[in-house]
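Architecture at a glance
Here's the letter readout for the chains.
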Amino acid sequence: MMTRPSTQFMHLRAVACAALAATGSAYAADPPDTSPDSRLEALQRQVNAQSARLESLRRSMAQEEASLNEVRRTLGIEVLASQRARGVAPDNTVAQASPDASAPKPVGQAPESEGRALAVAPIFEQPGVLTPKGKAVLEPSLQYSYSSSNRVALVGYTIIPAITIGLIDVREVKRNTFNATLTGRYGITNRFEMEARLPYSYRSDSNIGCELGQGCASSTVFSTTGHGIGDVEVTGRYQFNEGSVDNPFYVGSLRFKSRTGKDPFDVRTDTTIQGLRDGVQTSLPTGSGFYGLQPALTVLFPSDPAVFFGTISYLHNFARSNVMQETENGRKNIGKIAAGDVIGFNFGMGLGLNEKSSFSIGYDHASVGRSKQNGENVATSVRVQLGTLLLGYSYRLSAQRTLNVSLGAGVTRDTPDVSLTVRVPVTF
């Protein structure tokens, strides 16, 4: 039995017939040249056309690759500016990071808010990104630190392990320190900035002592304080290279420390206070008493969404001659004094939490050398190791202001037990 063809099949057959008719007409009008030479020439023309097209594509790809490299370089600068280790406006050495309105946004992501980019909480004194040319930053800060120590000193000799002939001096020292600092930075060029720091210190020490060998019934407490301007500092910083997402940034600095604070040799030491046999200072100094020069190198490596950073430094304290020490018996010439130099390093990581806040963690270490008097090591001086574990948090209050809070915990005996620092940098 014959079946009736479907409408679709008939339509397809009509189209095919029309195509065959058109092809037949074309061949009738212009019969093709089927000779081998003509076919070879046609293939050669096709190959030449394809080669020209490939060459054009290669040139386009080279241009696109150059544009992509430029975008990567710019992106690296912007990432570092948005993840600065200082917490001020995004004043990178080239340009401020800003959201690109033409950049594609993932579905469901809110657009970035206006204003400066995210800043990483600063936890060290060495900022990593410089202030741009013509910009100024004013940064007030307040730091509080607390430390306590216990000491037992024996002056005498032991005849048997259970009996001591002489004096046992037991002392506990509790120290509170407040440092208010006003820091100003100014960008001279996009790669060079100057900084000045003016500190004001208030210190309070409480010494609790008891001469057990003398049979004292209660401890003796002696408190002393000191306050005033500290050592003024001036620092210059220079960025050596234009880093990117794949290349670290290198920033060198040179810091000069004055001795504008109250000199340790200008405060009187008293040895007549009961329970404190080797003497205590009747007032506390606010400065180190020595001029210092500190070169340093900071390295930053951005790796979105984090930035890794570290610094190595060396502080040289210049020796002083004919130093006059204030004692209970008057001023005394103690000769030439050279404070120990300081070798320091730190490292850490900053992580952006959202568009306004960030978190940082790091470790800071300083090794203080022995002091010398008249060219000889001071008998009671030893090398001191200062290690601090630091945590920082930053919150952007506005486009010009940021609140930075850092907490330090001492991990060595000579380091303050705890230190808390609050900074509010303002950009102009």
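Notes on the structure follow. (Residues numbered from 1 in each chain as written. Predicted model: local features only at pLDDT ≥ 70, side-chain atom pairs only at ≥ 80, totals over all residues. Heavy atoms only, no water.)

The helix and strand inventory of the protein chain stands at 2 helices and 21 strands. Across the 428 residues in the protein chain, those meeting the buried criterion constitute 36%. (Helix = DSSP H or I, 4+ residues; strand = E, 2+ residues; numbered from the N terminus. Buried < 20%, exposed > 50% of the residue type's maximum accessible area, 1.4 Å probe, protein only.)

Within the secondary structure layout, N317 lies in strand β10 (residues 306-317). A polar contact of 3.0 Å, which involves the side chain of N317, links it to the backbone oxygen of G340. Setting aside residues no more than four positions away along its own chain, N317 makes contact with K257, F290, Y291, G292, A339, G340 and D341. (Polar contact = N/O pair within 3.5 Å; in protein donor to acceptor, adjacent residues only side chain to side chain. Contact = heavy atoms within 4.5 Å.)

Once that is clear, we can look at the environment of R237. Here R237 shows up in strand β5 (residues 233-239). A relative accessible area of 4% places R237 in the buried class. Engagement of the side chain of R237 in a polar contact is seen with the side chain of E195, the distance being 3.1 Å.

Moving on, we come to the pairing of strand β14 (residues 342-352). With 10 bridges connecting them, β10 and β14 associate as antiparallel partners. The residue bridging A306 from the neighbouring strand is L351, located in β14. Note that β14 and strand β15 (residues 357-368) share 11 bridges and pair antiparallel. Residue pairing for β15: L351 is matched across the bridge by F359. Between β14 and β15, which follow one another and run antiparallel, lie 4 residues. (Pairing = 2+ DSSP bridges.)

In this structure, I123, F124, L130, F249, V251, L300, V307, F309 and L390 together form the largest nonpolar core, which totals 9 residues. Mapped onto this core, the elements with two or more residues apiece are β6 (249-257) and β10. Counting 6 residues, the second largest nonpolar core, distinct from the first, contains F290, V323, I337 and A339. (Core = buried A, V, L, I, M, F, W, Y, C linked by side-chain atoms within 4.5 Å.)

The subject of this paragraph is the packing of aromatic side chains. This model, assessed by the stated rule, comprises 6 aromatic pairs. Look at Y238 and F240: their rings are 5.6 Å apart centre to centre, the planes differ by 75°, and that puts the pair in the edge-to-face class. Judged by relative accessible area, which is 36%, Y238 ranks as partly exposed. When the centroid spacing of 6.0 Å and the interplanar angle of 45° are considered together, the rings of F347 and Y363 count as tilted. Within this pair, whereas F347 is found in strand β14, its partner Y363 is found in strand β15, the two being separated by 16 residues in sequence. A relative accessible area of 47% places F347 in the partly exposed class. (Phe/Tyr/Trp six-rings, centres within 6.5 Å; stacked < 30°, edge-to-face > 60°.)

The next subject is the environment of Y144. With respect to the secondary-structure elements, Y144 resides in strand β1 (residues 136-160). The partly exposed category is assigned to Y144, whose relative accessible area is 27%. Sequence spacing of Y144 and L420 is 276 residues, and the spatial spacing of their C-alpha atoms is 5.3 Å. The residues touching Y144, leaving out its near neighbours within four places in the chain, are N176, T177, F178, V418, S419 and L420. Here the side chain of Y144 touches N176 through a polar contact of 2.6 Å, side chain to side chain.

Turning to the sheet that holds strand β13 (residues 337-338), a few remarks are in order. An order of β13-β16-β17 is seen for the 3 strands of this open sheet, with the pairing classed as antiparallel. A strand with exactly one partner marks an edge of an open sheet, and here the two such strands are β13 and β17 (376-377). With 2 bridges joining them, β13 and strand β16 (residues 372-373) adopt antiparallel strand pairing. Across the sheet, the residue bridging to I337 is Q373, located in β16.

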